[in-house]
Amino acid sequence: MRPFRYERADEVSAAVTTLVRDPEAAYLAGGTNLVDLMRLEVVTPELLIDIRRLTSDRIEELPDGGLRIGAAVPNSDLAADPRVRRRYPVLSQALLSGASGQLRNLATTGGNLLQRTRCPYFQDITTACNKRTPGAGCSAMEGYQRDMAILGASPTCVATHPSDMAVALAALDAVVTVAGPASERRIRLTELHRLPEADPERDTVLARGELITGVELPPPHSALRSRYRKVRDRASYAFALISVAAALEVTDGAVRDARIALGGVAHKPWRATTAEATLRGAPATRESFLDAAAAELSAARPLPGNAFKVPLARNTMVATLLELLEEAR
Amino acid sequence: MDLEIELRVDGTEHRLTVDTRTTLLDALREQLGNTSPKKGCDHGQCGACTLLLDGRRVLGCLAPAVAHQGADIVTAAGLADGELHPLQQSFIAHDAFQCGYCTPGQIVSAAGMLQEAGAGWPSAAAKDLGATDVVLDDEEIAERMSGNLCRCAAYANIVPAIAEVAHR
Amino acid sequence: MSHVTARPHAIGLPMDRVDGAQKVTGTATYAYEWPLDQPVYLYPLQSTIASGRVTGVDSALAEAEPGVLAVLSHLNAPTLTRPDDPELAVLQSAEVAWRGQFIGAVVAESLETARRAAGLVRVDYESRPPDVVLRADRDDLCSPVHAAAFGTGGGELQDGSPADSLLGDVDTALAASPTMVDTTYSTPMYHNNPMEPHTAVVTWLNGELLVRCSTQGVSMSQALISGVLGLEPGRVRVVSPHVGGAFGSKVYPHAYAVLAAMAARIVRRPVKFTLTRQQMFALVGYRPASIQRIRLGAGRDGRLTALAHDVIEQTAKAKGYAEQVAVCSRMMYAAPHRRTTHRLAPLDIPVPTIMRAPGEAQGMYALESAMDEMAIACGLDPVEFRLRNEPEVHPESGLPFSSRHLTDCLREGARRAGWEHRDPAPRAHRAGRWLVGTGMAVSTYPSPRFPGNTATIRVGPDGRYTVRIAAADLGTGTWTALTQIAADALSVPVGQVEMRIGDTALPAASVAGFSAGINSWGTAIWEAADRLRARLRAEHGGIAPPEGLEVSAEMAGGNPEAERYAMHSFGAQFAEVRVDEDTGELRVTRLLGMFDVGRVINPKTARSQLIGGMTQGMSMALYEHSVLDPRFGHVVNHDFAQYHIASHADVHAIEAHWLDEPDPHTNPMGAKGLGEVGIVGTAAAIGNAVHHATGVRVRELPITLDKLVS
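- Looking at an unreviewed UniProt entry, one finds chain C named Xanthine dehydrogenase family protein molybdopterin-binding subunit and attributed to Streptomyces niphimycinicus.

- Under an unreviewed UniProt entry, chain A has the name Xanthine dehydrogenase family protein subunit M and belongs to Streptomyces niphimycinicus.

1. Considerations on the overall build of chain C
Part 1: When you go through chain C residue by residue, the secondary structure sums to 14 helices and 24 strands.
Part 2: On C-alpha atoms alone, chain C measures out to a radius of gyration of 26 Å, which is about the 27 Å that the 2.2 N^0.38 rule sets for 710 residues.
Part 3: Expressed along its principal axes, the backbone C-alpha trace of chain C runs to roughly 75 × 75 × 50 Å.
Part 4: Out of the 710 residues belonging to chain C, those deemed buried represent 68%.
Part 5: Sequence separation of 24 or more characterises 81% of the internal contacts of chain C that already satisfy a separation of 6 or more.
Part 6: In the structure as shown, chain C presents an accessible area of about 22500 Å², 51% of it carried by carbon and sulfur atoms.

2. Describing the interface of chain C and chain B
Interface extent is often summarised as the accessible area lost during association of the parts.
Part 1: Listed by partner, the interface residues are 56 residues for chain C and 49 residues for chain B.
Part 2: Between chain C and chain B lies a buried interface of about 4200 Å² when both sides are counted; carbon and sulfur atoms form 57% of it.
Part 3: If you sort the residues of chain C by the area they bury against chain B, C:V24, C:M195 and C:H648 come out on top, with a joint share of 20%.
Part 4: Applying the counting criterion to the chain C and chain B interface returns five salt bridges.
Part 5: Ionic pairing is found between B:R29 and C:E33, a salt bridge with its closest N-O pair at 2.9 Å.
Part 6: Here chain C and chain B share 33 residue pairs in polar contact (both at pLDDT 80 or more) between them.
Part 7: Of all the secondary structure elements, the ones that give two or more residues to the side of chain C that touches chain B are helix 1 (20-25), helix 3 (111-118), helix 7 (277-283) and helix 13 (603-622) of chain C.
Part 8: With ten residues, the top contributor of residues to the side of chain C that touches chain B is helix 13 of chain C.

3. Considerations on the sheet that holds strand 1 (residues 5-8) of chain A
The strands making up a sheet associate through hydrogen bonds between their backbones, and the pairing can be parallel or antiparallel.
All names here are of chain A.
Part 1: Spatial strand order, 1-3-2: three strands in an open sheet with parallel pairing. Whereas interior strands pair on both sides, the edge strands pair on one side only; in this sheet they are strand 1 and strand 2 (25-28). In this sheet, neighbouring strand axes are inclined to one another by 25° on average, regardless of whether the strands run parallel or antiparallel.
Part 2: Where strand 2 and strand 3 (residues 47-50) come together, four bridges link them in parallel fashion.

4. Side note on the pairing of strand 9 (residues 225-231) of chain A
Residue and element names in this part refer to chain A.
Part 1: Taken across its seven residues, strand 9 has five buried, putting it largely inside the fold.
Part 2: Across seven bridges, the pairing between strand 9 and strand 10 (residues 242-251) is antiparallel. Paired with R225 across the two strands is L248, which belongs to strand 10.

5. Some thoughts on the side chain of C:D348
All names here are of chain C.
Part 1: Of note, D348 is situated in the loop between strand 15 (337-347) and helix 8 (360-378).
Part 2: Residue classification places D348 among the buried residues on the basis of a relative accessible area of 4%.
Part 3: In this structure the side chain of D348 is engaged in a polar contact, spanning 3.0 Å, whose partner is the side chain of K317.
Part 4: Aside from chain neighbours lying at most four places away, what touches D348 is A50, S51, A97, W98, P129, P130, D131, V132 and K317.

6. Considering the sheet that holds strand 2 (residues 52-58) of chain C
Residues and elements named next belong to chain C.
Part 1: If you walk across this open sheet you meet the three strands as 4-2-6, and the pairing is antiparallel. Edge strands, defined here as strands with exactly one partner in the open sheet, are strand 4 (95-96) and strand 6 (122-127).
Part 2: As paired strands, strand 2 and strand 6 are joined by six bridges and run antiparallel to one another. Note on strand 6: the bridge partner recorded for V54 is Y125.

7. Some details on the packing of aromatic side chains
Residue and element names in this part refer to chain C.
Part 1: Following the criterion strictly, the structure yields eight aromatic pairs over all chains and no others.
Part 2: Their ring planes at 65° and their centres at 5.5 Å tell us that F281 and Y643 sit as a pair that is edge-to-face. Of the two residues, F281 sits in helix 7 while Y643 sits in the loop between helix 13 and strand 24 (653-658), which places them 362 residues apart along the sequence. Accessibility assignment for this pair places F281 and Y643 in one class, buried.

8. So, helix 12 (residues 517-540) of chain C
Part 1: Look at helix 12 of chain C: 33 Å from first C-alpha to last across 24 residues, which is about the 34 Å you get at 1.5 Å a residue.
Part 2: Among the residues trailing helix 12 of chain C, C:G541 stands out with phi positive, at a value near 60°.

9. Quick notes on the confidence of the model for chain C
Part 1: Summarising the model, chain C shows a mean pLDDT of 96, and 98% of its residues fall at 70 or more.
Part 2: Here the complex is predicted with pTM 0.98, and the ipTM for its interfaces comes to 0.98.

10. Points about the environment of A:A235
Part 1: Relative to the elements of secondary structure, A:A235 occurs in the loop between strand 9 and strand 10.
Part 2: Overall, the relative accessible area of 15% leaves A:A235 in the buried class.
Part 3: Those residues in contact with A:A235, other than ones at most four positions away along the chain, are C:R587, C:A649 and C:D650.

11. Points about the domain arrangement of chain C
Residue and element names in this part refer to chain C.
Part 1: Domain boundaries in chain C define domain 1 (20-29 + 450-558), domain 2 (34-129 + 194-246 + 250-283) and domain 3 (165-190 + 287-447 + 564-707).
Part 2: On a C-alpha basis, the centroid separation for the pair domain 1 and domain 3 is 35 Å.
Part 3: Counting from both sides, the interface comprises 14 residues of domain 1 and, opposite them, 19 residues of domain 3.
Part 4: When domain 1 packs against domain 3, close to 1200 Å² is buried across both sides, 59% of that on carbon and sulfur atoms.
Part 5: Looking only at domain 1, the three residues that lose the most surface to domain 3 are F514, S515 and N519, adding up to 47% of its buried area.
Part 6: Here domain 1 is connected to domain 3 by zero salt bridges.

12. A short note on helix 1 (residues 24-31) of chain B
Think of an α-helix as turning once every 3.6 residues; residues three or four places apart then point the same way.
Part 1: The buried count for helix 1 of chain B comes to six of eight residues, which makes it a mostly enclosed element.
Part 2: Buried within helix 1 of chain B we find B:L24, B:L25, B:D26, B:A27, B:L28 and B:R29.
Part 3: At its buried positions, helix 1 of chain B is contacted by strand 1 (2-9), strand 2 (12-19), strand 3 (50-53) and strand 5 (72-74) of chain B together with helix 3 of chain C.
Part 4: Positive backbone phi, approximately 70°, marks B:G33, located one or two places after helix 1 of chain B.

13. Structural notes on the UniProt feature "domain: FAD-binding PCMH-type" (unreviewed entry) in chain A
Part 1: UniProt tags residues 1-222 of chain A as "domain: FAD-binding PCMH-type" (unreviewed entry).
Part 2: Taken end to end, residues 1-222 of chain A is 26% helix and 16% strand, and its first and last C-alpha atoms sit 49 Å apart.

14. What to know about the packing of helix 6 (residues 155-166) of chain B against helix 13 of chain C
Part 1: Where helix 6 of chain B contacts helix 13 of chain C, the two axes come as close as 9 Å, and the packing angle between them is 115°. Every residue of helix 13 of chain C that contacts helix 6 of chain B at B:Y155, B:A156 and B:N157 is listed here: C:R607, C:S608, C:I611 and C:T615.
Part 2: Looking at the contact of helix 6 of chain B with helix 13 of chain C, its residues break down into three nonpolar, three polar and one charged.

15. Quick notes on the pattern of salt bridges
Part 1: In total, this model carries 90 salt bridges over all chains according to the counting rule given.
Part 2: Between A:K131 and A:D203 there is a salt bridge, and its shortest N-O distance comes to 2.6 Å. Note that A:K131 is positioned in the loop between helix 7 (109-113) and helix 8 (165-171) and A:D203 in the loop between helix 9 (189-192) and strand 8 (211-217), a separation of 72 residues in sequence.
Part 3: Classification of A:K131 as buried rests on a relative accessible area of 5%.
Part 4: The partner of B:D137 in a salt bridge is B:K127, with the nearest N and O atoms 3.5 Å apart. Of the two residues, B:D137 sits in the loop between helix 4 (103-118) and helix 5 (138-144) while B:K127 sits in the loop between helix 4 and helix 5, which places them ten residues apart along the sequence.
Part 5: You can call B:D137 partly exposed: its relative accessible area is 30%.
Part 6: It is possible to trace a salt-bridge network through shared partners that takes in A:R225, A:R227, A:R229, A:E323, A:E327, C:R433, C:D580, C:E585 and C:R587.

16. Side note on the interface of chain A and chain C
Part 1: Across the boundary between the two partners, chain A contributes 36 residues, which contact 32 residues of chain C.
Part 2: Across the chain A to chain C interface the summed buried area is about 2700 Å²; carbon plus sulfur atoms make up 54%.
Part 3: When residues of chain A are sorted by the area they lose upon contact with chain C, A:Y144, A:R234 and A:A235 head the list and together hold 20% of the total.
Part 4: At the junction of chain A with chain C, the criterion picks out four salt bridges.
Part 5: Here A:R146 and C:D706 are joined by a salt bridge, their closest N and O atoms 2.8 Å apart.
Part 6: The interface formed by chain A and chain C contains 14 residue pairs in polar contact (both at pLDDT 80 or more).
Part 7: Residue assignment for the side of chain A that touches chain C shows that the elements contributing at least two residues are strand 9 and helix 12 (309-328) of chain A.

17. Thoughts on the environment of B:R168
Residues and elements named next belong to chain B.
Part 1: With respect to the secondary-structure elements, R168 resides in the segment after helix 6.
Part 2: Of the residues examined, R168 reaches a relative accessible area of 63% and is grouped as exposed.
Part 3: A polar contact of 3.3 Å, which involves the side chain of R168, links it to the side chain of E164.

Rules used throughout
Residues numbered from 1 in each chain as written. Chains lettered and ligands numbered in written order. Predicted model: local features only at pLDDT ≥ 70, side-chain atom pairs only at ≥ 80, totals over all residues. Heavy atoms only, no water. Helix = DSSP H or I, 4+ residues; strand = E, 2+ residues; numbered from the N terminus. Rg over C-alpha atoms; globule rule 2.2 N^0.38 Å. Buried < 20%, exposed > 50% of the residue type's maximum accessible area, 1.4 Å probe, protein only. Contact = heavy atoms within 4.5 Å. Areas by Shrake-Rupley, 256 points an atom, 1.4 Å probe, with all protein chains shown as cover. Buried area = accessible area lost by both parts, 1.4 Å probe. Salt bridge = Lys/Arg side-chain N within 4 Å of Asp/Glu carboxyl O. Polar contact = N/O pair within 3.5 Å; in protein donor to acceptor, adjacent residues only side chain to side chain. Pairing = 2+ DSSP bridges. Axes fitted to C-alpha atoms, helices over the stretch in contact; angles between N-to-C directions. Phe/Tyr/Trp six-rings, centres within 6.5 Å; stacked < 30°, edge-to-face > 60°. Expected span 1.5 Å × (residues − 1). pLDDT = per-residue confidence, 0-100. Domains from an automatic or database assignment. UniProt positions renumbered as here; feature names shortened; annotations may be inferred. Nonpolar A, V, L, I, M, F, W, Y, C, P; charged D, E, K, R; others polar.

As structure tokens, then:
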């Protein structure tokens, strides 16, 4: 780890200014991913600005019936919050399926969103990686591909986003509030993370210095049942090979509304809008679910080492929707 | 860059100077001579360094010491207060360890986990996410303890050791 | 004639571990944890190429870093006495034989500084394209050449066995067999991954070296380290009272202890060196990958007519480690025509080493999977099929077994597992979304005794006994089991016995490996106790004299009975699995093992070892897999987030039981080895259960969901 200075920020504006002025500065929240990457010298900040006290660590009711989650709320508190468990079970389930009890106690909401890919080549500075060093090349493309993306990848990067929480938030139409050099802005969660395109070094649309202050959840749909299903190599304490956050509303045997997001498939939480459109108005049957999954995955471009993710994603989507259908009966 | 910090470890106050790069784990092991928390991976992937930090279980290897000024830390050595903690006694009775290297982390994690369950926190094994009371069956305990790896694989003894204390 | 002379009293009791309180509080001292005055820290430099040579080392930036005391490389490293073991010849040349090999080290005042400075050293290379891929069709496969490190056979394989064996005419017999199975199985590279990383803490004191390291045998470490450094063995003391897991990877001191000793000599301060988890994937060995072809022929009576087991395995160009993968097929089943072969692919990869049940773990996976396929081909229940092929004597040597109660294990295990209710049809049983299946396999592991053990027992005037032997406790329960053995051998309560182990200041002992620990050390203790009792009786009227009395027993040889008997532990394992029909997710819902391990010294710690082995066997079957990048030659998934070992949630019902059958020939206690037999056969039992559940036969470990999803 390179030597660095440590400062605690008292005001958001001061923290943002420091980060904008000093290209070697970085924000520190829970540290569960950043400290790890610094030890590996994947990231090498010279100044850490501790922001844990800058943003709220509370979950508050919004006037419209939604919730506002402070960026400093630990993952464990968010998962255990009775309102979240009751109104947004998919979010609670996603959080609880991620990491471990110890990590969830340290990790924050904002930090979870901004965690970096666990691509093994990104994390190993002795192998080339465009995300780490733009233009250096991608070692994963012809390397170990098991955990790599099947949707939205580019010739420069095939990494996946590792967050479970973000997949649930994508399905829930969450909005991220951000403080920046100019003014606060609101970003839809599905637009926070980027596809790699030609510049995979940029994980998100955030500008230098912008700081996530919270996440807002719209009011829940009472008729919408939701759940998170995570498929991985070990029963617990492992990243997703495929995960599905799904919400389903069925009326008179037909799908009235469906929200689906996939994890483990892309550089960002993947909102399955094609599948959703296919489902809306269709009969709530296994055949419709299969059609919807196939429609979404027709865009999949797997690598030889992760071709299994296409049938796995299809089967997991269908199984999750069938479980929701069963639950609604 | 060195900074001076204060830590309360197993009930004793310490004032120490640490490099900003020093983690709580290394501060304890290298500077304070408390080697109860172990270093198994140094990347938050094994749980051997589990500490209670202000009452919550966390991983010492991912916590920069300078970011935890004034923290109250409990290790497995500190859980034994005059006599062994009930979890420690149960681990011995159930032979819930072999090499012992992951054991302090397992025990501290179990202590933190029991508090979490007592507070009604759910886990991924929850059958009813909305339930306010947690029933710690073997599946619940195993899921909640999955952040603590044991290569000797004493899992089949660790879960009953914890269950015995949980069900008292 | 029975040689069992045990007087069981403490033996057989489920005693709590004597070091239990230290371990649950974290106060048992592991190698890195000894308090030291003014220690310094070592961080190694590793090659980033897999083959070639170092052409330049620029350490100016690192040396300028405040707190850096030394930067070592082949350019300035002290010359070592040429060791027999090329793995230990650290920094002796510019050659690079695998990626991740030590090419230097930084020593500094703090851990953080040492690691940072290591990143500032610039190394230039002349690189050759790496050759790291194991394939059956390689044209450079070769016979192993004398890799023996253990055993007295002097053969080509690591355990002293010959590389090949042949009885009868296998090809003709196969061609004539009414039923034949010809299948190929593969097992990947596996890493031992004990929780405690390999560590050496080295202090030079008045020309003598004190090494605190995490080792399976202080005496062997002393011999190897002193040999490499050109010191009299007596000038090197190795201390290792507690070891945080090993599973074979701490039998040899590897290069890290030598590197730390070298650094300590240069900086003249105590040096602390522990590997990172990532470094462990390149520097402390692994179970080599294998490709195994098995051909079985059977008659209409369900009896094997021929058995051929041909193995191709990885090894390092740097050192020709050759594992005894097919040796299990030489003793497991009766068949008149039989053949085994071992061939190596020498690659630009790290040096392999022992990993729990070396050889048997992979070999029995293949053999027991093939036996399942053959049972199905013969239309026989797999338990019945094995009962029909049980040999009377060792099928190759013709020696009788010292004890072989496998048929009892099969019958009793089947009874406990509820096997008689099994419908053999695959894919016939489901529970909701889960396909459910059961499978079984056999376990075996040799039960050798090593030479080179001396035990010393001293009785004080207070009637307390101190037992000294440089044995090791890797979590195996040695502290406790040897206390029980000594108490019974001395006919005193365990409270009167104090054990001292894990230090070369104690009488020499063989390594904790090959399931030989209790057999080897226990026999020496037993002999010393007998001599002590005899002298007490003859010279002191049975009363400890005021000055105390000390007696030693040196057991220079192994077990003389080994020339007349084949000595092995056995077991039968039964697995129940569930496979999610949609996703291929797999859960092992039940594992049951029934073992023949002789007399059990401590049922509590024995059970822990057996279920630990079985759980590791499950982990081997389902999760573990070191992925070697063919372009770079390194293990890509080199940490615990990516190299998955079983965790809590993966473990459901696991039971280990044993027959109460002391072995009359292995040792005075009647015990056989049980440290390794638990991992043997588990993977096959699970694979066979997966076939029963799904109808899919996976012949390539690990059985990950991508091989089952459709």
